[in-house]
Amino acid sequence: MTSEFTQDFIRNPAGLRENPALVLNADFRPLSYFPLSVWRWQEAVKAAYLDRVTIVAEYERTVHSPSVEIRIPSVIVLKDYVKPARTTAFTRFNLFLRDEFTCQYCGSRGDMTFDHVVPRSRGGKTTWQNVVASCGPCNLRKGARSLRQANMKLRRTPMQPSANQLLNAGRKFPPNHLHESWMDFLYWDAELEA
């Protein structure tokens, strides 16, 4: 998905646009898919110098100090395994990721907000089970009414996703920049070429 919304939602610092390094866990899997686990080249070089990572692939470009020249890493692997989170934080970003940046009422994509299925004015809580991604028009249409009163239906029943479910959802949204040296380590939901 390459909507303006997801591009604007993700931070894209200038340092990541030039020679970012894909960061893999010690098991050779990305730490995260969305946002993709990448470091600025400066951080990758520093981690390599401190022997915290193994360089798996490099760019053609080099950097140097007065005494050392090094090719900029494009793929690095952490030497120590970082245990993945078991629980998922309830954040706006994770909510949108769970719902795949899609309105849970009409199925539209683009600018999203969130909606309480049981309105807060009627005792609804701000939890994974009661909040869904919603487009502005659907949010206004539903207002502080129940689904039945608004004559609306949910596309999916809201639930708390596991960390693995969010990781898998992130695979559906490849970033704008994918260096060819990264492809052997990334698995996106795309058709394989014959």
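Preceding block: the structure.
These notes cover the structure that comes with them. (Residues numbered from 1 in each chain as written. Predicted model: local features only at pLDDT ≥ 70, side-chain atom pairs only at ≥ 80, totals over all residues. Heavy atoms only, no water.)

A word on helix α7 (residues 163-170)
Owing to its 3.6 residues per turn, the α-helix aligns residues three or four sequence positions apart on the same side.
In step 1: Where α7 is concerned, the buried positions are Leu166, Ala169 and Gly170. Seen along its axis, α7 keeps its buried residues to an arc of 100°; they face one direction.
In step 2: Where α7 is buried, its residues contact α4 (92-98). (Buried < 20%, exposed > 50% of the residue type's maximum accessible area, 1.4 Å probe, protein only. Helix = DSSP H or I, 4+ residues; strand = E, 2+ residues; numbered from the N terminus. Arc of directions from axis to C-beta. Contact = heavy atoms within 4.5 Å.)

Let's talk about the pairing of strand β1 (residues 21-24)
In step 1: On β1, burial covers both faces: Ala21 and Val23 on one face and Leu22 and Leu24 on the other are all buried.
In step 2: Pairing of β1 with strand β2 (residues 38-39), which is carried by 2 bridges, proceeds in the antiparallel orientation. Note that in β2 the partner of Ala21 across the bridge is Trp39. (Pairing = 2+ DSSP bridges.)

Observations concerning the nonpolar core
In step 1: Of all hydrophobic cores here, the largest spans 19 residues; its most connected members are Leu97, Phe101 and Tyr105.
In step 2: When contributions to this core are tallied by element, the ones reaching two or more residues are α4, β6 (131-134), α6 (147-150) and α7.
In step 3: By residue number, the principal contributor to this core is α4, which donates 3 residues.
In step 4: When neighbours within four sequence positions are excluded, Tyr105 is seen to be in contact with Asp115, Val117, Val132, Ser134, Cys138, Lys142, Leu147, Met152, Lys153, Leu154 and Arg155.
In step 5: Within the second largest apolar cluster, 15 residues are counted, among which are Leu22, Leu36, Ala57 and Ile72. (Core = buried A, V, L, I, M, F, W, Y, C linked by side-chain atoms within 4.5 Å.)

Quick notes on the environment of Ala47
In step 1: With respect to the element layout, Ala47 can be found in helix α3 (residues 41-49).
In step 2: Setting aside anything within four residues of it in sequence, one finds Ala47 in contact with Trp39, Arg52 and Val53.

With respect to α3
In step 1: Listing the buried residues of α3 in full gives Trp41, Ala44, Val45, Ala47 and Ala48. The arc enclosing the buried residues of α3, seen along the axis, measures out at 165°, which places them on a common side. Those residues of α3 that are exposed and angled more than 90 degrees off the buried face are Lys46 and Tyr49.
In step 2: If you follow the buried residues of α3, they end up packed against β1, β2, β3 (53-64) and β4 (69-78).

Things to note about the pairing of β4
Remember that side chains alternate between the two faces of the sheet whenever the strand is regular.
In step 1: For β4, a buried count of 7 out of 10 residues is recorded, marking the element as mostly surrounded by other parts of the structure.
In step 2: In this structure, β1 lies alongside β4, joined through 3 bridges in parallel fashion. Following the sheet pairing, Leu24 is matched in β4 by Val77.
In step 3: Examined bridge by bridge, β3 and β4 share 8 bridges and lie antiparallel to one another. Bridging across to β4, Thr54 finds its partner in Val77.
In step 4: Between the antiparallel neighbours β3 and β4 lie 4 residues.

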